[in-house]
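Below are the chains, spelled out letter by letter.
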Amino acid sequence: TTATPGASGGSAAASAGGQKYVAIVSKGFQHQFWQAVKKGAEQEAAKQGVKVTFEGPASESEVESQMNMLRNALAKKPDAIGFAALDSKAAASTLTQIKTANIPVIAFDSGVDSDIPLTTASTDNKKAAAEAAKQMCKLVGSAGTVGLVVHDQVSKSGTDRRDGFLEGMKANCPAVKVLAPQYGGGDQAKSADIAKSIIAANPDLKGIFGSNEGSAIGVIKGVQESKKTGLQIVGFDSGKAQIDAINSGLMAGAITQNPVGMGEEVVKAAVKAINKQPLEKVIDTGFYWYDKTNINDPKIQAVLYQ
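Residues numbered from 1 in each chain as written. Predicted model: local features only at pLDDT ≥ 70, side-chain atom pairs only at ≥ 80, totals over all residues. Heavy atoms only, no water.

Trainee: So, the overall build of the chain: which residues are in play, and what are the values?
Mentor: Secondary structure summary: the chain contains 10 helices and 13 strands in total. In terms of C-alpha radius of gyration, the chain reaches 20 Å, essentially the compact-globule figure of 19 Å for 306 residues. With the principal axes as the frame, the chain shows a C-alpha extent of 65 × 40 × 30 Å. Counting all 306 residues of the chain, 54% fall into the buried class. Within the chain, contacts between residues at least 6 apart in sequence are counted, and of these 74% link residues at least 24 apart. Surface accessibility of the chain: about 12,900 Å² in total, with carbon and sulfur atoms responsible for 51%. Separation of charge centres in the chain, based on 33 positive and 30 negative side chains, amounts to 1 Å. (Helix = DSSP H or I, 4+ residues; strand = E, 2+ residues; numbered from the N terminus. Rg over C-alpha atoms; globule rule 2.2 N^0.38 Å. Buried < 20%, exposed > 50% of the residue type's maximum accessible area, 1.4 Å probe, protein only. Contact = heavy atoms within 4.5 Å. Areas by Shrake-Rupley, 256 points an atom, 1.4 Å probe, with all protein chains shown as cover. Lys, Arg positive; Asp, Glu negative; His and termini not counted. Charge placed at Lys NZ, Arg CZ, Asp CG, Glu CD.)

Trainee: Just give me the short version of the sheet that holds strand 12 (residues 282-284), but keep the residues and values in it.
Mentor: Strands sit in the order 2-1-3-4-5-12 across an open sheet of 6 strands; the sheet is parallel. Strand pairing shows two members of the sheet lacking a second neighbour, strand 2 (51-55) and strand 12, which therefore form its edges. For this sheet, the mean inter-axis angle between neighbouring strands, taken without regard to orientation, is 20°. With 3 bridges connecting them, strand 4 (residues 105-108) and strand 5 (residues 119-122) associate as parallel partners. Residue pairing for strand 5: Ile 106 is matched across the bridge by Thr 119. Each of strand 1 (21-25), strand 2 and strand 3 (80-83) touches helix 2 (residues 63-75); the most contacted strand, strand 3, lies at about 165° to it. Here helix 9 (residues 259-274) sits on the sheet and contacts strand 1, strand 2, strand 3, strand 4, strand 5 and strand 12; the angle it forms with strand 4, its principal contact strand, is near 165°. (Pairing = 2+ DSSP bridges. Axes fitted to C-alpha atoms, helices over the stretch in contact; angles between N-to-C directions.)

Trainee: Which residues make up the pattern of salt bridges, and what values go with them?
Mentor: Opposite charge on two side chains permits pairing when their charged atoms draw close. All chains considered together, the criterion is met by 10 salt bridges. Its salt-bridge partner being Glu 44, residue Lys 47 comes within 3.8 Å of it at the nearest N-O pair. Of this pair, Lys 47 and Glu 44 both sit in helix 1 (residues 32-48), 3 residues apart, which is roughly one turn of that helix. Accessibility expressed as a relative area gives 66% for Lys 47, which makes it exposed. Lys 196 is paired through a salt bridge with Asp 193; the nearest N and O atoms lie 3.9 Å apart. Taken together, the positions of Lys 196 and Asp 193, both in helix 6 (residues 188-201) and 3 residues apart, correspond to about one turn of that helix. (Salt bridge = Lys/Arg side-chain N within 4 Å of Asp/Glu carboxyl O.)

Trainee: Summarise helix 3 (residues 88-100); cite the residues concerned and give the values.
Mentor: Over its 13 residues, helix 3 extends 18 Å from the first C-alpha to the last, a length consistent with the 18 Å expected when each residue adds 1.5 Å. Of all the bends found along helix 3, the most pronounced is centred on Thr 94 and spans about 35°. Lining the buried residues of helix 3 we find helix 2, strand 3 and strand 4. If you check the start of helix 3, you find a side-chain oxygen 3.1 Å away from the backbone N of Lys 89, and it comes from Asp 87. Asn 102 sits one or two residues past helix 3 and shows a positive phi near 60°. (Expected span 1.5 Å × (residues − 1). Bend = angle between axes of the 7 residues up to and from the residue. Polar contact = N/O pair within 3.5 Å; in protein donor to acceptor, adjacent residues only side chain to side chain.)

Trainee: Kindly report on the pairing of strand 10 (residues 232-236), identifying the contributing residues and their values.
Mentor: Taken across its 5 residues, strand 10 has 4 buried, putting it largely inside the fold. Running through helix 7 (residues 213-226), the crossover from strand 9 (residues 205-210) to the neighbouring parallel element strand 10 is right-handed. The sheet contact formed by strand 10 and strand 11 (residues 253-257) spans 3 bridges and is parallel. Within strand 11, the residue paired with Phe 236 across the bridge is Ile 255. (Right-handed = clockwise from strand over helix to strand, strands pointing away.)

Trainee: Describe the state of the cysteines, with residues and values.
Mentor: Such a bond, covalent and formed between the sulfur atoms of two cysteines, is termed a disulfide. Applying the stated rule across the entire model yields 1 disulfide. Here Cys 137 is linked by a disulfide to Cys 173, with a sulfur-sulfur distance of 2.0 Å. Its S-S torsion of approximately -65° makes the covalent link between Cys 137 and Cys 173 left-handed. In this pair, Cys 137 is assigned in helix 4 (residues 125-140) and Cys 173 in the loop between helix 5 (156-172) and strand 7 (177-178), connecting sequence segments 36 residues apart. (Disulfide = S-S within 2.5 Å.)

Trainee: Got a sec to walk through the packing of helix 4 against helix 5? Specific residues and values, please.
Mentor: For the pair helix 4 and helix 5, interaxial distance at closest approach is 7 Å and the crossing angle is 40°. Our classification of the angle between helix 4 and helix 5 gives oblique. Crossing geometry of helix 4 relative to helix 5 is assigned as right-handed. In this structure, helix 4 contributes Asn 125, Lys 126, Ala 129, Ala 130, Ala 132, Ala 133, Lys 134, Met 136 and Cys 137 to the contact, and helix 5 contributes Ser 157, Asp 160, Arg 161, Asp 163, Gly 164, Phe 165, Glu 167, Gly 168, Met 169 and Asn 172. Across the contact of helix 4 with helix 5, the residue classes tally to 8 nonpolar, 5 polar and 6 charged. (Parallel < 35°, antiparallel > 145°, perpendicular 65-115°, else oblique. Left-handed = near helix turned anticlockwise from the far one by under 90°. Nonpolar A, V, L, I, M, F, W, Y, C, P; charged D, E, K, R; others polar.)

Trainee: Explain the packing of aromatic side chains residue by residue, including any values.
Mentor: Following the criterion strictly, the structure yields 5 aromatic pairs and no others. With 6.0 Å between their ring centres and 50° between their planes, Phe 29 and Phe 54 make a pair best called tilted. In this pair, Phe 29 sits in the loop between strand 1 and helix 1 while Phe 54 sits in strand 2, placing the two residues 25 residues apart along the sequence. For Phe 54, a relative accessible area of 10% translates into the label buried. Seen from their ring centres, Trp 34 and Phe 108 are 6.4 Å apart, and the 75° between their planes marks the pair as edge-to-face. Placement of Trp 34 in helix 1 and of Phe 108 in strand 4 is noted, with a sequence separation of 74 residues between them. Using a relative accessible area of 3% as the deciding quantity, one classes Trp 34 as buried. Here the aromatic cluster, defined as three or more aromatic residues joined through ring pairs, consists of Phe 33, Trp 34, Phe 108 and Tyr 305. One Lys or Arg, Lys 51, reaches over the ring of Tyr 21 and ends 4.5 Å from the middle of that ring. (Phe/Tyr/Trp six-rings, centres within 6.5 Å; stacked < 30°, edge-to-face > 60°. Lys NZ or Arg CZ within 6 Å of the ring centre and 35° of its normal.)

Spelled out as structure tokens, the structure:
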């Protein structure tokens, strides 16, 4: 198809040397996870000889700030855009404009409810959270109550991890009572408060699952502040605070994603899209369960976010 002038997919914005440019808009910037994704993207960009920019809002509740970043990315006329949506619906109209400008979109971390992204590079969040539930069942046995603190219910990663955990609990220890999910916005302080109220309201509580870095660290803090011992805490992600908590025995274990690999895959897919090469609909970037027993394995060390 012939593109109208100014909608040429951004080749005009490429430097005189013809270097292709990929603008990446992430969900956030504050978690070590995103820093690791950025590192992977930059490593792959250097390999492929393309330019990348990587930005994200200061916190993962700033949907409007992320939308501004996406609109600004479009204005720069890049050759491709990488995008991890905080809110699929909020992004719809800007994604349509990007499509009209013939700029390929590569989704990552959290799928977008749209057929505009050519592919999504992400963890199979449902499968990963089901694995966290299976490990929780091993830890708590077949009785008692388990709570979950989830980062949000508007992103695909939030809903998939919630649903995967609930399904995994049902499949592996159906006799354990699972409380209704509570949402802490991935915020440590808010998640700590939720954990404290779960502990106060449920004397037979055996364990709590935190669905991302901020949620899990918040749960640890809430448990510490409640002075409650003997709880099994299972997390998701692997920033320094979670690694320390697992090493000290405060946290039983967690799922680690492969953020460096995710960043690499975003750039690989963007380059393929720029070159009009076919892409798989989903790029599974993998996950691992880690705890005290395997945290020092080289394979696990390579995917921890530090």
